[in-house]
Amino acid sequence: MADFEIKDLRASVEGRQILKGVSLAISMGEVHAVMGPNGSGKSTLSHTLMGHPGYTVDGGSVLFKGQNVLELEPDERARLGMFLAFQYPVVVPGISMANFLRTALNSKRGYDGKDKSKQVTPKEFRSMMKSELEVLHMDDSFLPRYINDGFSGGEKKRAEILQMAMLKPEIAILDETDSGLDIDSIKFVAEAVNRMRGPELGILIITHYTRVLEFIKPDYVHVLVDGKFVLSGGPEVAERLENTGYAEWGHAEEEPKEVA
Amino acid sequence: MATVPKIEVGADYKEKYGFFVPEEYVFKAKRGLNPDIVTEISWMKQEPEWMAKMRLRSLEIFRKKPMPKWGADLSVIDFENIFYYLKASDKQSKTWEELPPDIKATYDRLGVPEAERKFLAGVSAQYESEVVYHSLQESLTKKGVIFTDTDSALRDHPELFKEYFGTVIPPADNKFAALNTAVWSGGSFIYVPKGVHVEIPLQAYFRINAENMGQFERTLIICDEGSFVHYIEGCTAPIYTTDSLHSAVVEIIVKKNARCRYTTIQNWSTNVFNLVTKRAMAYADATMEWVDGNLGSQITMKYPSVYLMEPGAKGDVLSVAFAGKGQHQDAGGKMIHVAPNTTSTITSKSISKAGGRTSYRGHIKIYPGANNCKSFVKCDALLLDDESRSDTYPYNDVDAENVTLGHEATVSKVSDEQLFYLMSRGIPRAEAETMIVNGFIEPFTKELPLEYAVELNRLIQLEMEGSVG
Ligand SMILES: Nc1ncnc2c1ncn2[C@@H]1O[C@H](COP(=O)(O)OP(=O)(O)OP(=O)(O)O)[C@@H](O)[C@H]1O
Ligand SMILES: [Mg+2]
């Protein structure tokens, strides 16, 4: 059995069914890419996996570490080892990035304000931060800024990967992390992700473009159309899409519009 | 209405107040309000005759003025069932054990040190910062700064006192200002001479005087030309009082080129009606800043105001209100532009929870001829659930030309998207909500000295857990 198993997942938004039976098995060390046209349900998949309250699960299960994560709160899923890099990272005014990262790290470690041994020390925090910032070619000037507030599209995406690096998940879902990034930024992000790649991490990378897959080489590629996988295979699937687009599944070639 | 047992004057009465008390005379605190009680208060304090007369005159005004019909419902206040004057020594005679368990528990959770708790609870007039206070006093005195309690100021600086007392807020201003003028006791008096900058904030804390926590404090601050002072009153730990009416008056005069900041964070126990009149007069190029945080109490009505008297004057109000179950925070600000080229801003943040109610009430008045004024009002309300409520009542009177007036109001709920984002990083729901609320009031918190900011965030956390007494 794979480490992370999505079985026949069905989900709806505002009464409309979007995911119509998605199954996917991810084992540690693997990178799976999910590709699909706009509106095919990719973000619905990522949000449903993470437990966004706006998405209703109509059926199926997601097994991870012996639990059906669909029954857990988002924070419990995160503490179990899941991570979602958002397609549209959320602005939260009044909370500094540094405070946010520290709080998240403490929560992840099970620090509840009592057992000080679990608390991340300022020194530890700084040194963790420093090395990750370097890889992502970010400077620490964004740390006192409010969460994603006034960040450029590219900065937001890099900040997501920074959070991933700090929180060290076991299952990471990257929802269009490459969109809105220039080529240099894609390289930095890919480098950071590749550093984390290994037998301790399974990755689900959602994207429109094959470009990012040149830097983060997937083991498997799945094509999502209208809430269902219509094709799964190795890296060659991405190449095929590169040439033919989604036309063969009844979707006209469209240049995806991205506002990050 | 809470009851207080009859208390005999403490043994140290005589040395404390230093006037002759006939051996057989035992002062008993009496409830109710009448000329005899007012006269007695003045006599006990050995006040000059003008003050005794002013008190009596104010009592008359108080009686004649109707209760305000707008704002919160005040009809339940029973003026005849209140002690208008208790000596500090009387207040101390309560014991720690007598405090309600929820108040004690809150002190525990806040981690307030024992000595400080007793001070806050009014069970002890002793406070650790005694030493700090004395050294502070020395350095202030050298610069000619006066920082004392208002009763002492009347005694020790009679001329200065008489020149300014009641000039910013005359007794006839409103019913509660009249009441305060009739029965006031305690409060702070500050005089900062020309050109003097007081570098560290002056805190009411430093004054070791239980009367500081009184119900009818009267504060008077005079910033002479080009001076600066930051005064901080209150603290975030709940102030427990068995008396259910707190009606203070704060008068501030900010002269040419001077700047005054007045920071309040108050967290009254939830039986208290907190009705406070705060007003400043700002002269040419002077700046007055009110930073006002209201938590606790049953009802708060408080609208700090600035009268912008001469060109270049600037007024700021930054306020936060938190209303939980059964609470109504009716707060806001008033900016009265008397002179041209004056500017003002009011920023109000309110949080309502568990059926609590917050109201923003604001008044911007621009007098005829006060041209080229600018005023900006921003009020943001955060509702934590569907039972809670928030309203805004902005009033504008503009009779001048070339005026820039801005008003922005938002009412929002804790956003699902923000909550999901924080939770997706492993932060539990309650903690994430608290973070969002603290983030919401951050524009306020960042104006506070660090230790107050930390305390306020911790207090919000307790309020969010619904565990505050
Ligand atoms: N909160 C919502 N309210 C209403 N409809 C929604 C909501 N979220 C998603 N949808 C709808 O569900 C469908 C799938 O959306 P989803 O965001 O999953 O697509 P996607 O594959 O991620 O697209 P993109 O490539 O543009 O990011 C779309 O038709 C979208 O309009
Ligand atoms: Mg999407």
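Numbering of residues starts from 1 in each chain and follows the order in which that chain's sequence is written. Lettering for chains starts from A, numbering for ligands starts from 1, and both go in the order in which the items are written. With the structure being a predicted model, the display of local features is reserved for residues of pLDDT at least 70 and the display and counting of side-chain atom pairs for 80 or more, all residues being used for whole-chain, interface and lining totals. For side-chain calculations, the full set of non-hydrogen atoms in the structure is used, while hydrogens and water are omitted.

Here a strand is any run of E in DSSP of at least two residues, a helix any run of H or I of at least four, and the numbering for each starts at the N terminus. Of the regular secondary structure elements, chain A holds eight helices and twelve strands. A globule of 260 residues ought to have a C-alpha radius of gyration of about 18 Å, and chain A, at 18 Å, matches this closely. The C-alpha extent of chain A, read off along each of the three principal axes, is 55 × 40 × 35 Å. Here chain A holds 260 residues, and the buried ones make up 56% of them. About 11,300 Å² of surface is accessible on chain A, with carbon and sulfur atoms providing 49% of the total. In chain A, 30 positive and 39 negative side-chain charges are present, and the distance between their average locations comes to 5 Å. Radius of gyration: over C-alpha atoms. The globule rule applied is 2.2 Å multiplied by the number of residues raised to the 0.38 power. Think of it in three bands: residues with accessible area under 20% of the maximum for their type are buried, residues over 50% are exposed, and the middle band is partly exposed, with areas taken using a 1.4 Å probe on protein chains only. Using the Shrake-Rupley algorithm and a 1.4 Å probe, accessible areas are obtained, with residue cover drawn only from the displayed protein chains. Counting rule for charge: Lys and Arg are taken as positive, Asp and Glu as negative, and neither His nor the chain ends is counted. To locate a charge, take atom NZ for lysine, CZ for arginine, CG for aspartate or CD for glutamate.

All names here are of chain B. Salt bridge, as used here, is a side-chain nitrogen of Lys or Arg placed within 4 Å of a carboxyl oxygen of Asp or Glu. For the structure shown, the criterion picks out 31 salt bridges over all chains. Residues E47 and R55 are paired through a salt bridge, measuring 2.7 Å at the closest nitrogen-oxygen approach. What makes E47 buried here is its relative accessible area of 13%. Across the salt bridge formed by R218 and E251, the nearest N and O atoms sit 2.9 Å from each other. Here E251 lies in strand 7 (residues 249–254) and R218 lies in strand 4 (residues 218–223), a separation of 33 residues in the sequence. For the residue pair R218 and E251, the accessibility class agrees, reading buried in each case. Each of E233, K278, D292 and K302 takes part in a single network of salt bridges with overlapping partners.

Residues and elements named next belong to chain A. Donor atoms from the polypeptide that coordinate the magnesium ion (ligand 2) comprise S43 (OG) and Q87 (OE1), at 2.0 to 2.1 Å from the metal. One end of the pair, S43, is in helix 1 (residues 42–50); the other, Q87, is in the loop between strand 6 (82–85) and strand 7 (92–96), with 44 residues separating them in the sequence. Of the two residues, S43 and Q87, both sit in the buried class. For Na, K and Ca the donor cutoff is 3.2 Å, while for all other metals N, O and S atoms count as donors only within 2.8 Å; water does not appear among the atoms, so some sites may look incomplete.

This part takes up the interface of chain B and chain A. In many reports, interface size means the accessible area that the parts give up when they come together. Any two residues whose heavy atoms approach within 4.5 Å are treated as being in contact. With 19 residues of chain B in contact, the opposing surface of chain A contributes 31 residues. The contact between chain B and chain A buries some 2,100 Å² in all, and 65% of this surface belongs to carbon and sulfur atoms. A 1.4 Å probe defines the accessible area here, and the buried area is the portion of it lost by two parts on being joined, summed over both. In terms of surface lost to chain A, no three residues of chain B exceed B:F420, B:Y421 and B:R425, which account for 39% of the buried area on that side. Inspection of the region where chain B meets chain A yields two salt bridges. Residue B:R425 pairs with A:E160 through a salt bridge whose shortest N-O separation is 2.6 Å. Contacts described as polar in this section are N or O atom pairs within 3.5 Å, which, within protein, must combine one atom able to donate a hydrogen with one able to accept it, while residues neighboring in sequence count only if both atoms come from side chains. For the pair chain B and chain A, the number of links is twelve residue pairs in polar contact (both at pLDDT 80 or more). Counting only elements with at least two residues in the side of chain B that touches chain A, the list comes to helix 11 (416–423) and helix 12 (429–440) of chain B.

So, about the site of ligand 1. Residues and elements named next belong to chain A. Only a single heavy atom is needed: when it lies within 4 Å of a molecule or strand, its residue is near that molecule or strand. Close to ligand 1 lie 16 residues, the nearest being G39, K42, S43, T44 and H208. One nitrogen or oxygen atom from the main chain of G39 is found 2.9 Å from an oxygen atom belonging to ligand 1. Between ligand 1 and Q87, the relevant distance is 3.0 Å, taken from an oxygen atom to a side-chain nitrogen or oxygen of the residue. If ligand 1 stood free it would expose 630 Å²; the protein chains cover 68% of that surface. Of all the elements in the fold, those that place two or more residues in the shell around ligand 1 are strand 2 (16–26) and helix 1. By residue class, the composition of the shell around ligand 1 is four nonpolar, eight polar and four charged. When residues are sorted by character, Ala, Val, Leu, Ile, Met, Phe, Trp, Tyr, Cys and Pro go into the nonpolar class, Asp, Glu, Lys and Arg into the charged class, and all the rest, Gly among them, into the polar class.

Residues and elements named next belong to chain A. Strands pair, by our definition, only if DSSP identifies at least two bridges between them. The strand order across the open sheet built from four strands is 2-1-4-5, with neighbouring strands paired in antiparallel fashion. The open sheet is flanked by strand 2 and strand 5 (67–68), the only strands paired with a single partner. Here strand 1 (residues 4–13) pairs with strand 4 (residues 55–64) via eight bridges, running antiparallel. Counted as the bridge partner of K7 is S61 from strand 4. Lying on the sheet, helix 1 is in contact with strand 1, strand 2 and strand 4; it crosses strand 1 at an angle near 110°. Axes here mean lines fitted to C-alpha atoms, for a helix over just the part in contact, with angles spanning 0 to 180 degrees between N-to-C directions.

A separate point is the nonpolar core. Side-chain atoms within 4.5 Å link the members of a nonpolar core, which is a set of buried Ala, Val, Leu, Ile, Met, Phe, Trp, Tyr and Cys residues. The biggest cluster of nonpolar side chains holds 112 residues, and the ones touching the most others in it are A:L49 and B:L422. Among residues more than four places away in sequence, those in contact with A:L49 are A:F4, A:I6, A:L9, A:V62, A:V69, A:R77, A:M82, A:I173 and A:L204. Judged by nonpolar contacts, the second largest core, of 37 residues, contains B:A282, B:M335, B:C373 and B:A400.

The next subject is the confidence of the model for chain B. Residues and elements named next belong to chain B. The predictor's confidence in any single residue is recorded as pLDDT, a number from 0 to 100. In the predicted model, chain B carries a mean pLDDT of 81, and the fraction of residues at 70 or more is 77%. Across residues 1–28 the pLDDT falls below 50, and counting only partners more than four positions away or on other chains, this stretch makes 44 contacts in the model. Considering only residues more than four positions removed or in separate chains, one finds that residues 206–213, a stretch of pLDDT under 50, has 41 contacts. The complex model carries a pTM of 0.83, and its ipTM stands at 0.95.

For B:R55, the location among the structural elements is in helix 3 (residues 49–64). Apart from residues no more than four positions distant in its own chain, B:R55 is found in contact with B:V38, B:I41, B:S42, B:K45, B:E47, B:T181, B:A182, B:V183 and B:W184.

Right, let's talk about unusual backbone geometry for a bit. Residues and elements named next belong to chain A. A positive phi angle, close to 55°, is found at H137, a residue other than glycine. Looking at the secondary structure, you find H137 in the loop between helix 4 (122–135) and strand 8 (146–147). Residue H137 is classed as partly exposed on the basis of its relative accessible area of 47%.

For the rest of this paragraph, the subject is helix 6 (residues 183–196) of chain A. Residue and element names in this part refer to chain A. To estimate how far a helix should extend, the number of its residues minus one is multiplied by 1.5 Å. Compared with an ideal rise of 1.5 Å per residue, which puts 14 residues at 20 Å, helix 6 spans 20 Å between its outermost C-alpha atoms and is within 8% of the ideal. If you check which residues of helix 6 are buried, you get S185, I186, V189, A190, A192 and V193. Buried residues along helix 6 cover an arc of 160° about the axis, so they all sit on one side. Elements that come into contact with the buried residues of helix 6 comprise helix 4, helix 5 (153–167), strand 9 (171–175), strand 10 (202–207) and helix 7 (211–215). An arc is given here, and it is the one of the directions from the helix axis to the C-beta atoms.

A few words now on the pairing of strand 13 (residues 314–323) of chain B. Residue and element names in this part refer to chain B. Burial analysis of strand 13 places nine of its ten residues in the buried class, which makes it a mostly covered element. Pairing between strand 10 (residues 287–296) and strand 13: eight bridges, direction parallel. Opposite D292, over in strand 13, you have S319 as the bridge partner. Bridging between strand 13 and strand 15 (residues 343–352) involves ten bridges; their strand directions are parallel. From the neighbouring strand, F322 faces strand 15, where its bridge partner is I351.

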